[in-house]
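# Working through the structure, step by step
Read off the chains here:
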Amino acid sequence: MPSYPLTVNGTPRTVESWDADMPLLYALRNALGLHAAKYGCGLGQCGACTVLVDGQPVRSCLLKVSAAAGRHITTAEGLGSPEKPHPVQAAFIAEQAAQCGYCTNGMVMGCVALLAATPRPTREQAQAALAGNLCRCGSHDRVLKAVERASGPRGA
């Protein structure tokens, strides 16, 4: 069976699959047991499956496992832990930005990528960066407050 080497959350992993076109999302969830990335629409339109690939946000439902081979994949599990959350995860908790939680993975991963590229984004930059992440609960304002909290105090 063909195998695909990945570096997931800093650890070398190998995923076996007969189907080179299998979405990375399936490899993460089914083969590696990482469930933070969610299956939402399966079309790359909702953002629930977002992971970082070489530091860039990518819809894992659209990326073939064969195309992910040899790349560095970061999931929400690789950001922090319940005992020591990543600053973005801590900001989402503090701002109560998660309601049903289904979109939270994509929002957090998008925010991490945004802050890596733009450490102090404006509200408009945050809105633009997270525009492809759908939230049916309407917690967008809390998400934007979390982005602001995670980017640090203004005027500093």
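As annotated in an unreviewed UniProt entry, the protein carries the name (2Fe-2S)-binding protein and comes from Variovorax terrae.

### Side note on the state of the cysteines
Counted under the stated rule, the structure contains zero disulfides. Not engaged in a disulfide, the cysteine Cys61 finds its nearest cysteine sulfur in Cys49; these two sulfurs lie 3.6 Å apart. Cys111 takes part in no disulfide bond, and the closest cysteine sulfur, belonging to Cys103, lies 12 Å away.

### Section: the sheet that holds strand E2 (residues 11-16)
Read across the open sheet, the five strands follow the order E2-E1-E5-E3-E4; overall the sheet is mixed. Edge positions in the sheet fall to E2 and strand E4 (56-59), since each has one partner strand and no second. In this sheet, neighbouring strand axes are inclined to one another by 40° on average, regardless of whether the strands run parallel or antiparallel. Relative to strand E5 (residues 72-74), strand E3 (residues 50-53) runs antiparallel, the two being bridged by two bridges. Directly across from Val53, in E5, lies its bridge partner Ile73.

### Focus on the nonpolar core
Judged by nonpolar contacts, the single largest core of 24 residues is most densely connected at Val88, Phe92, Met107 and Val147. Every element with two or more residues in this core is listed here: helix H3 (87-94), helix H4 (104-117) and helix H6 (140-150). The dominant element in this core, judged by the number of residues it contributes, is H4, at eight residues. If near-sequence neighbours (up to four positions away) are discounted, Val147 is found in contact with Cys111, Leu114, Leu115, Pro121, Ala126 and Leu130. Grouped together as the second largest cluster of nonpolar side chains are 20 residues, Val8, Ala27, Leu28 and Leu32 included.

### Quick look at the pattern of salt bridges
By the definition in use, this model includes five salt bridges. For Arg123, the salt bridge identified is with Asp141, shortest N-O distance 2.4 Å. Remark: Asp141 occurs in helix H6 and Arg123 occurs in helix H5 (residues 123-129); sequence separation between them is 18 residues. With its nearest N and O atoms 3.5 Å apart, the salt bridge here joins Lys145 to Asp141. Remark: Asp141 and Lys145 occur in helix H6; sequence separation between them is four residues, near one turn of the helix. Looking at Lys145, the relative accessible area reads 40%, which means it is partly exposed.

### Here we look at H3
Each turn of an α-helix holds 3.6 residues, which means side chains three or four residues apart point in the same direction. Of all the positions in H3, only Val88, Gln89, Ala91 and Phe92 are classed as buried. For H3, the angular spread of the buried residues around the axis is 160°, confining them to a single face. Along H3, the residues that are exposed and aim more than 90 degrees away from the buried face are Pro87 and Ile93. Looking one or two places after H3, you find Gln96, whose phi comes out positive at around 50°.

The rules behind each value
The numbers attached to residues start from 1 for each chain and follow its sequence in the written order. Owing to the predicted nature of the model, reporting of local features is limited to residues with pLDDT of at least 70; listing and counting of side-chain atom pairs is limited to 80 or more, with chain, interface and lining totals taken over all residues. Calculation of side-chain values draws on the structure's entire complement of heavy atoms; hydrogens and water are dropped beforehand. Note that a disulfide, as used here, is simply two cysteine sulfur atoms within 2.5 Å. Here, any two strands with at least 2 DSSP bridges between them count as paired. The numbering of helices and of strands both runs from the N terminus, where a helix is a DSSP run of H or I of at least 4 residues and a strand a run of E of at least 2. A fitted line through C-alpha atoms represents every axis, and for helices the fit uses only the stretch in contact; the resulting angles, taken between N-to-C directions, go from 0 to 180 degrees. Nonpolar cores are built from buried Ala, Val, Leu, Ile, Met, Phe, Trp, Tyr and Cys residues. Side-chain atoms within 4.5 Å join them into one set. Burial classes follow relative accessibility: with a 1.4 Å probe on protein chains only, a residue under 20% of its type's maximum area counts as buried, one over 50% as exposed, and anything between as partly exposed. Contact definition: two residues touch when any of their heavy atoms are within 4.5 Å. The term salt bridge refers to a side-chain nitrogen of Lys or Arg lying within 4 Å of a carboxyl oxygen of Asp or Glu. The arc in question is the one traced by the directions running from the helix axis out to the C-beta atoms.

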